[in-house]
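Spelled out from the first residue to the last, the chains are:
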Amino acid sequence: MTSLLTGLNPEQAEAVTLPYQSALILAGAGSGKTRVLTTRIAYLIQSGQASPNSLLAVTFTNKAAREMVARLGTLLPINTRGMWIGTFHGLCNRMLRAHYQEARLPQAFQIIDIGDQQSFIKRLMKALAIDEKAYPPRQIQWFINNAKEEGLRASQLEAHDTFSRKMGEFYHVYEERCMQEGIVDFAELLLRCYELLLQHEALRRHYCDRFRYILIDEFQDTNRLQYKWLKLLAGIGLSQHAAVFAVGDDDQSIYAFRGAHAGNMKEFERDFAVQKIIKLEQNYRSHGNILDAANALIDNNQGRLGKNLWTAEGSGELIRVYNAATDFEEAAFIVEEVKALQAEGVSLSEIALLYRSNAQSRVLEHSLFNASLSYRVYGGMRFFERLEIKHALAYLRLMVQPEDDISLLRIINFPTRGIGSRSLEQLQDDAKQLGMSLWVTALQKCGPGLEQAKVQKGVTGFVALIKSMQQACRDLPLPEIIRYVIAQSGLVAHYAAEREGAERLDNLNELINAAVSFVHESEDDSLISFLSHASLEGGELQADQHQKALQLMTVHAAKGLEFHSVFLSGLEEGLFPHENSRSEANGLEEERRLMYVATTRARRRLYLSFSQSRMLHGQTHYNVPSRFIQEIPDHLLKWLQPKHQSVSNADFSSGWRPTASQLSGVSNAFSSNPVSNASKQITWKIGRTVSHGTFGTGVITNCEGQGKDLRVQVRFNRAGTKWLLLEYANLTLL
DNA sequence: TTCCTTGTCGCCCGG
DNA sequence: CGACAAGGAA
């Protein structure tokens, strides 16, 4: 018993050993959250308070779930396989599979990802002759998912205008078609599971009796439906309810834009009669200066639950800030610094390059590639999203759930078997008339009937192919099924014949390997189970995982990770904080939390960089430095100079604002040399940040004229874009 | 049916 | 800029 608790600080130990009650653990970044969570589980089991069966632990990502299971395995000599540890979606899927009849789902219901959902919606819109211009599919998708995440069915929606009424009507048709085809989207997994528990009292009681202990990670990221699901499962309203151990950090809530409701923390306190809120504030990750910066930054947000990170270690290095002229130059700077770090002995895999949006990675990748630095970009195409894999999965899905039109359409003519658009249209028309799935329609046409002559050879062949696959695979083990299907479907032959199909062929073989490891790791090794796994796990590409490579990812993707050194690039207004956040309620605060997450990823060294000009969406943007840099106290920052810039030049200005450190270091160059008339042509150039008495700060976006007619166009942060005559405007360079 | 041109549109994330 | 969908020509 003592061994579990050794090394824990008093707050951590208190959390781990809490008696039977619901509790909220406010766990700051790097405060040992995962350790507390897993040790809590181990403690409950080891002390005999709970059996592995009576526990349920829920996370947001598969990665977090895997990590929890792995750590638990090292703490306790128990079989973690059958335990209910997983993501919200994974656990809901599990429950729905177990009670598919009560949930009114086919046994082999298939889970569609957002891509499938998108094409499904488009197809449905086409069939209903809905104008894609007036109702963008993206928006409809967003509408449906949002409604579901609020726990709302189409029948429960209120429409105040034609637009939302039309959306609601479409949602209704969408629901029906999903049922008909036996497909379930991500949000539906949760909603269906919620309704299952809500409508089947006996079932609810069964699970409430069973799960006496529920643990939730990243609680600030739960949406309204997930919270409602939790309340049902925990038995709120019943005579006795489960002890819920919720771990979260309101300062790291960065998913409000997709429905996360950090207010759930407050509601949790009330609904679960929480008596104990434990704050974990000691940080074991970063040096003091980094934490001070993060604390100062987040202090600008209102209505926080309140938390201040501290460390027992020293303050460490200052945060390095770099002002680049162009995004290209910013990338060059990063490359140089990475090389220097490498020379100091820091492993490439311990260095992260973070950015606000994926579009920013290209310039960086380009420079890294030219410098022959190996890097790995996260968040790209994932294994199960690759085209060839989706094709293979579509065949497999069709075998277990042939009424899945999405899958049928994907592969009915791939590889090509002479089913052109004509015959496909015919089939779809017939299906619509019969009100049946494409598969059933095709079956009828091929069956011992009258119209056989009319039926395309291709369709008959396709039906026969699928049927023979079903037959042949009946008793094969999972990996063999996949081997058989990718061969018989013609996929292997197709890619073997293709000029650049070698990699796709490799991936198809990799799918067999994935099935082999799935069989080893999972207790249910059926095809249906594997298909769920493929849908729920994006499947990070395993390759190069251990290879030493620089880590490139968005700030969102970096949550939960830590690195020796972190580069945070593109710190510009409009980019970070993102332009769109201005129009969203509390958008700026969410951006600030995102910045907080980014800074707290670094253990030892943190770089912040911004660029005066940047290529985005095919045009050059001129942005002012991010306000987030200003929100970090001066004394924590160290401004770096571009190497090529001469200090004696009047154009010199390493920062957009003189700082204490800057002035003390290079005071002669800056303070004794006010901008002279002679240098104006050089100084007032596009991209420079300027300040105006009434309009405030802005960026020069254009200029024209000469001498005293020299005019510049300035885009001000608040006052909009204006042309100003330099002679009168009294602009100051920052 | 395939291939190539043209046009449109774009944020961040996960299951 | 670049990914991707749609439409025309071979």
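If you're wondering where the values come from, they're calculated on a predicted model, not measured in any experiment. (Residues numbered from 1 in each chain as written. Chains lettered and ligands numbered in written order. Predicted model: local features only at pLDDT ≥ 70, side-chain atom pairs only at ≥ 80, totals over all residues. Heavy atoms only, no water.)

Participant: Describe the protein's contact with DNA strand B, and please don't skip the residues or the numbers.
Facilitator: The full set close to DNA strand B counts 30 residues, and R258, R356, G420, T554 and N580 are the nearest of them. A share of 50% of the atoms of DNA strand B within 4 Å of the protein falls on sugar and phosphate groups. In the model, a sugar or linking oxygen of DNA strand B is placed 3.2 Å from a nitrogen or oxygen of the T87 side chain. Measuring from a base nitrogen of DNA strand B, one finds a side-chain N or O atom of N580 at 3.0 Å. Here the residues of the surface near DNA strand B sort into 8 nonpolar, 16 polar and 6 charged. (Near = heavy atom within 4 Å. Polar contact = N/O pair within 3.5 Å; in protein donor to acceptor, adjacent residues only side chain to side chain. Nonpolar A, V, L, I, M, F, W, Y, C, P; charged D, E, K, R; others polar.)

Participant: If you had to explain the sheet that holds strand β6 (residues 213-216) to someone new, which residues and values would you point to?
Facilitator: Ordered in space as β3-β2-β6-β7-β1-β8, the 6 strands form an open sheet in which the pairing is parallel. Edge positions in the sheet fall to β3 (84-87) and β8 (276-280), since each has one partner strand and no second. Pairs of neighbouring strands in the sheet enclose a mean axial angle of 15 degrees, with direction left out of account. Note that strand β2 (residues 55-59) and β3 share 4 bridges and pair parallel. Looking across to β3, one finds that T59 is bridged to T87. Here helix α11 (residues 224-234) sits on the sheet in contact with β2, β6 and β7 (243-248), set at roughly 165 degrees to β6. (Pairing = 2+ DSSP bridges. Helix = DSSP H or I, 4+ residues; strand = E, 2+ residues; numbered from the N terminus. Axes fitted to C-alpha atoms, helices over the stretch in contact; angles between N-to-C directions. Contact = heavy atoms within 4.5 Å.)

Participant: Account for the protein's contact with DNA strand C, with residues named and values stated.
Facilitator: With respect to spatial proximity, the complete set of residues near DNA strand C consists of R362, H617 and G618. By atom count, sugar and phosphate contribute 42% of the portion of DNA strand C lying within 4 Å of the protein. Between R362 and DNA strand C, the recorded distance is 2.8 Å, taken from a side-chain N or O atom to a phosphate oxygen.

Participant: Run through helix α24 (residues 527-536), naming residues and quoting values.
Facilitator: Counting buried positions along α24 yields 8 of 10 residues, so the element is predominantly enclosed. Along α24, the residues classified as buried are L527, S529, F530, L531, S532, A534, S535 and L536. (Buried < 20%, exposed > 50% of the residue type's maximum accessible area, 1.4 Å probe, protein only.)

Participant: I'd like to hear about the side chain of R153, residue by residue, with values.
Facilitator: With respect to the helices and strands, R153 occurs in the loop between α7 (137-149) and α8 (162-181). On the accessibility criterion, R153 (12% relative accessible area) is buried. Polar side-chain contacts of R153 include one of 2.8 Å to the side chain of E195. Beyond its immediate chain neighbours, meaning those up to four positions away, R153 contacts K148, Y171, E175, E188, L191, R192 and E195.

Participant: Please provide a residue-by-residue account of the pattern of salt bridges, values included.
Facilitator: Tallying each qualifying case throughout the model produces 50 salt bridges. Among the salt bridges present, the one from D116 reaches K390, with a minimum N-O distance of 3.2 Å. Of this pair, D116 sits in helix α6 (residues 114-127) while K390 sits in helix α16 (residues 387-400), and the two are 274 residues apart along the sequence. Judged by relative accessible area, which is 13%, K390 ranks as buried. What you see here is one network of salt bridges that share partners, running through K148, R153, E175, D185, E188, R192 and E195. (Salt bridge = Lys/Arg side-chain N within 4 Å of Asp/Glu carboxyl O.)

Participant: Run through unusual backbone geometry, naming residues and quoting values.
Facilitator: The peptide bond linking F414 to P415 adopts the cis configuration, its omega dihedral lying at -5 degrees. Positionally, P415 belongs in the loop between α17 (405-411) and α18 (421-434). Residues F576 and P577 are joined by a peptide bond in cis, for which omega reads 10 degrees. For P577, the position within the fold is in the loop between β13 (563-568) and α26 (587-599). With a phi angle near 50 degrees, E218 is a residue other than glycine that sits in the positive phi range. Note on placement: E218 falls in the loop between β6 and α11. Exposure remark for E218: the relative accessible area of 16% places this residue in the buried category. Notably, S372 is not glycine yet its phi reads approximately 55 degrees, a positive angle. For S372, the location among the structural elements is in the loop between α15 (361-370) and β11 (375-377). When its relative accessible area of 65% is taken as the criterion, S372 is described as exposed.

Participant: Explain the nonpolar core to me, and be specific about the residues and the numbers.
Facilitator: Ranked by size, the top nonpolar core spans 62 residues in total, and within it F170, Y174, I214, L233 and F268 carry the most contacts. Excluding anything up to four places from it in sequence, F170 contacts I121, L124, M125, L128, I130, I140 and I144. Of all hydrophobic cores here, the second largest spans 45 residues; its members include I389, M399, W439 and A442. (Core = buried A, V, L, I, M, F, W, Y, C linked by side-chain atoms within 4.5 Å.)

Participant: Any details on the packing of helix α23 (residues 502-521) against α24? Residues and values, ideally.
Facilitator: When two helices pack together, their arrangement is given by the angle between the helix axes and by the axis-to-axis distance. Packing of α23 against α24 brings their axes to within 11 Å, and their N-to-C directions diverge by 110 degrees. Between α23 and α24, the angle is such that the two are roughly perpendicular. Handedness of the α23/α24 crossing: right-handed. Of the residues in α24, those touching α23 at L511, A514, A515 and F518 are S529, F530 and H533. Residues belonging to the contact of α23 with α24 are distributed by class as follows: 5 nonpolar, 2 polar and no charged. (Parallel < 35°, antiparallel > 145°, perpendicular 65-115°, else oblique. Left-handed = near helix turned anticlockwise from the far one by under 90°.)

Participant: Residues and numbers for the packing of α7 against α8, please.
Facilitator: Contact pair α7 / α8: the axes reach a minimum separation of 10 Å and the direction vectors enclose 75 degrees. Of the possible angle classes, the one that applies to α7 and α8 is roughly perpendicular. The residues of α8 that touch α7, namely those facing Q139, I140, F143, I144, A147 and K148, are F163, S164, M167, G168, F170, Y171 and Y174. Classifying every residue of the contact of α7 with α8 gives 9 nonpolar, 3 polar and 1 charged.

Participant: Break down the packing of aromatic side chains for me, with residues and values.
Facilitator: For the structure on display, the rule yields 22 aromatic pairs. Seen from their ring centres, F383 and F384 are 5.2 Å apart, and the 75 degrees between their planes marks the pair as edge-to-face. Its relative accessible area of 6% is what places F383 among the buried residues. Cluster of aromatic residues (ring-pair linked, three or more members): F219, Y227, F268 and F272. Stacked on the ring of F109, the Lys or Arg R97 has its end atom at 3.6 Å from the ring centre. (Phe/Tyr/Trp six-rings, centres within 6.5 Å; stacked < 30°, edge-to-face > 60°. Lys NZ or Arg CZ within 6 Å of the ring centre and 35° of its normal.)

Participant: Please give an account of the environment of G314 that cites residues and values.
Facilitator: Mapped onto the secondary structure, G314 falls in the loop between α13 (288-298) and β9 (319-326). You can call G314 partly exposed: its relative accessible area is 46%. Apart from the residues within four sequence positions on either side, G314 is in contact with H287 and G288.

Participant: Can you tell me about the side chain of S609, naming the residues and giving the values?
Facilitator: Relative to the elements of secondary structure, S609 occurs in strand β14 (residues 602-616). Polar contacts involving the side chain of S609 include one to the side chain of E330, which spans 2.7 Å.

Participant: Provide a residue-level description of the environment of L478, including the pertinent values.
Facilitator: Tracing the sequence through the fold places L478 in helix α21 (residues 478-488). A relative accessible area of 4% means that L478 is categorised as buried. Distance from L478 to E503, taken between C-alpha atoms, is 23 Å for residues 25 residues apart in sequence. Beyond its immediate stretch of four places on either side in the chain, L478 contacts A515, F518, V519, D525, S526, L527 and F530.

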